[in-house]
Amino acid sequence: MIKYTVEEGIANVSWNMEGYPMNVLNDQSISAFKEAMEKAIADSEVKGITISSEKDSFIAGADLKMLQKLTVENTDMKTTFENTKVFNMLFRKFETCGKPIVACINGHALGGGFEVCLMSHYRIAVNNPKTKIGLPESKIGLLPGAGGTQRLPRMVGLEIAAPLLLEGTELSPENALKQGLINELVASKEEMFAAAKKWILANLSPLQAWDERDKKGNIVGKTNFKVPNGNIQSPKGAQLLLPGTALLMGKTYGNYPAQLAIMKAVYEGLQVPIDKALVIESRYFTSLLINPVAKNMIRTLFFAIGDANKGIARPKNVPETNLKKIGILGAGMMGSGIAYVSALAGLEVVLKDTTLENAERSSGVYGKEYSRNLLKSQVAKGRYSQEQAEGILAKIKPTDNYEDLKGCDLIIEAVFENRELKAKVTKDAEAQIAETAVFGSNTSTLPITGLSEASARPANFIGIHFFSPVDKMPLVEVIMGKQTSDYALAMTIDYIKKIKKTPIVVNDSRGFYTSRCFGTYTAEGMEMLAEGINPILIENAGKAAGMPVGSLDVADAVSIELAYKVMKQSEIDTGVKMEHIAGGKVVKHFVETLGRGGKVSKKGFYEYPEGGKKYLWEGLSEQYPLKSEQPNIEFLKKRLLHRQALETVRCLEEGVLRSKADADVGSILAWGFPAYTGGTLSYIDMVGVAQFVKDCDELAATYGERFSPTARLREMAANGESFYGVKK
Ligand SMILES: NC(=O)c1ccc[n+]([C@@H]2O[C@H](COP(=O)([O-])OP(=O)(O)OC[C@H]3O[C@@H](n4cnc5c(N)ncnc54)[C@H](O)[C@@H]3O)[C@@H](O)[C@H]2O)c1
């Protein structure tokens, strides 16, 4: 775990956790670290200590498996507090040992890893722009619980510390130096140790800025410590924290307890000496550990997404497919984005449209031009050199000729959403590609099994559903047709891994998983509108529940007209009239009678004035007069979230979803179901299955079938079961 050496009176405590790709703080490593540090402190020959790593990174943070255990096992506040306080007491002991400690940062120093650096007296980093330094705990519902909330603001001031703590911003070593998080930058590991030695020899009796010696010479926290650039009670400090709290509430609607706990820990902690401050921090850390939000966020955002990225859904029996060349049919909005992310991943890309001009579109937005523009801005931001950008761009071959698809391992079709056209391009492309090549469709609505009928090799036919804009959206929904083979799935997952996106795998059905459940959010908003609920209230309820945008707003953005087309197609396919499905009447009225198709046509639920800010259309209240008595916002929030979660349960029970993790991951990454819940199924656990069923029964009594709980949910409620074994 730890390599301990002493050379010329300097002990080097170097982390090297066997079996782990990166060093992490867990029970074993901390106890080995403690032992090594205590040895160095006790050894009178040792003048100073360097903390370093044998791996490419320094310490990547706390082992989330350990944190998860703490969150799951310890719902008892007192035990959790005692368990977490240990870190703070230990680091405080090292900090006040009297010997100089230097953190030698040769790679990522994140979370608990950076807190090790903060308790050190001096920080030196190798200047590698790929290294990340910071405290990202708030991103998973926690706070830096080993002194981070107290040492960082004492070191760099509130203004710099606040975004680093609240948003978990990670910095390169160069930026970390500029902002005062580290003291020195060097070019190599050798230089780092030389600089550390020099500093130690010049500072044999170090004191942190927040410490002083008492009359007996013991190191104790300063009672009158001044925070750099403005104390907490100073006008500047107050200016930062008070509106900060309001801004935070405005942004998060109080749904994310970590950010609030960080604010409180900083505010209270900075008014007392560091020892007391660390106890305050441990208390807030405990409150977060026992809060379901951290449990849920860690489960989904870390473990489930991590597993998906590693390819948990990939059939094990298929050897690595090692794809090199990809063909994309349709150089429109989606095809251009897919070409860009594929070229970035180093794949050879053939981008085919009906004409060469369409594929190239040197004067337009999409086509190969799309990649050219994005790369230009990447070069401007310094992310790529001009040469690298040209190399990436050269990987995309625009064409109007199917023959150029020869040698492609994978084809992704992104032509217009039209069954006949899709059938034609499938046949034309298949005539050029090898028997082993896989054909993927990026359709957002057409069932894959039906589309695969046009294919001569339906086993190689699969759905590869991207989200817009492709270069920003992290998720890809893979859809298995009835005949799709393990081989096609393996190739698709290998591809998604190459382009560094997160796959979820679902079975074929109308709307698949993500479009179907997302549609319930917009539909519920439209039902509310039709009932006479104030549209401002509808939009605020969505945002207050944690959705990224209001339901009417997002319905406009994806287009009411598109919803109309999808509903029409479904009417033809299933025989169910659109007026009889949720939201259908409103969609029909808006498109057929009012001619308001959404944002694309610049009029929908909102108005989009030229050059101005959009606003809710005044005519809404004429179409749907407001009820005299408006519902409570909490009730609307519940209605919006429960509806999406219940549809997810249906997808799980119908076998559209193949795993609970896919449900949770997909809901957050595809349509922005609030991350604090951990996703749609984790949300039901958070509410409690029995309570959820009771709520849905009540909602169904007023709003009908769409809220009726499934038989399995009732059974779960009766047996006290939950999705993730959470007791309620
Ligand atoms: N827009 C979205 O947000 C979104 C999201 C997920 C999936 N999709 C799906 O992706 C597909 C494409 O959508 P889009 O928004 O990119 O459409 P788009 O209209 O922007 O692009 C379609 C492109 O296909 C080209 N095309 C037409 N016939 C062709 C042919 N025979 N050979 C080659 N190219 C041909 C067109 O010239 C056009 O450039 C659709 O199936 C759509 O449902 C769209």
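Everything below is about the structure printed above this text.
Computed from a predicted model, the values in this text were never measured in an experiment. (Residues numbered from 1 in each chain as written. Predicted model: local features only at pLDDT ≥ 70, side-chain atom pairs only at ≥ 80, totals over all residues. Heavy atoms only, no water.)

Caption draft 1: A look at the overall build of the protein. The helix and strand tally for the protein stands at 30 helices and 21 strands. Scaling as 2.2 N^0.38, a compact globule of 728 residues should have a C-alpha radius of gyration of about 27 Å, and the protein matches this with 28 Å. Once the C-alpha set of the protein is aligned to its principal axes, its extents read approximately 85 × 65 × 55 Å. Put simply, of all contacts in the protein between residues at least 6 apart along the chain, 71% involve residues at least 24 apart. Accessible area for the protein stands at about 31,000 Å²; split by element, carbon and sulfur atoms hold 54% of it. Charged side chains in the protein number 88 positive and 84 negative. The centres of these two groups are separated by 3 Å. (Helix = DSSP H or I, 4+ residues; strand = E, 2+ residues; numbered from the N terminus. Rg over C-alpha atoms; globule rule 2.2 N^0.38 Å. Contact = heavy atoms within 4.5 Å. Areas by Shrake-Rupley, 256 points an atom, 1.4 Å probe, with all protein chains shown as cover. Lys, Arg positive; Asp, Glu negative; His and termini not counted. Charge placed at Lys NZ, Arg CZ, Asp CG, Glu CD.)

Caption draft 2: Region of interest: the site of the ligand. Around the ligand sit 23 residues in total, of which M334, D353, E417, K422 and S444 are the nearest. At 2.4 Å from an oxygen atom of the ligand is found a side-chain nitrogen or oxygen belonging to E417. Listing elements by their share of the shell around the ligand, those giving two or more residues are α13 (333-344) and α17 (419-430). Tallying contributions element by element places α17 first for the shell around the ligand, with three residues. (Near = heavy atom within 4 Å. Polar contact = N/O pair within 3.5 Å; in protein donor to acceptor, adjacent residues only side chain to side chain.)

Caption draft 3: View of the sheet that holds strand β8 (residues 170-171). The three strands lie next to each other as β5-β7-β8, forming an open sheet whose pairing is mixed. Of all the strands in the sheet, just β5 (109-110) and β8 have a single pairing partner and so form its edges. Two strands pair when backbone bridges link them, and strand β7 (residues 133-134) and β8 are joined in this way by two bridges, in the antiparallel orientation. Across the sheet, G134 pairs through a bridge with E170, a residue of β8. (Pairing = 2+ DSSP bridges.)

Caption draft 4: Spatial organisation of the pairing of strand β16 (residues 438-441). Here β16 shows no split at all, with V438 and G440 on one side and F439 and S441 on the other all buried. Strand direction decides the pairing type here: strand β15 (residues 410-413) and β16, joined by four bridges, are parallel. Pairing of E413 across the sheet is with S441, part of β16. The β-α-β motif built from β15, the intervening α17 and the parallel element β16 has right-handed crossover chirality. (Buried < 20%, exposed > 50% of the residue type's maximum accessible area, 1.4 Å probe, protein only. Right-handed = clockwise from strand over helix to strand, strands pointing away.)

Caption draft 5: Structural context of the packing of aromatic side chains. Within the structure shown, the criterion is met by 14 aromatic pairs. Residues F33 and F94 carry aromatic rings whose centres are separated by 5.7 Å and whose planes lie at 85 degrees to one another, so their mutual orientation is edge-to-face. Of this pair, F33 sits in helix α1 (residues 27-42) while F94 sits in helix α3 (residues 77-95), and the two are 61 residues apart along the sequence. In terms of burial, F33 and F94 fall into one category: buried. (Phe/Tyr/Trp six-rings, centres within 6.5 Å; stacked < 30°, edge-to-face > 60°.)

The values are spatial; any link to function lies outside them.
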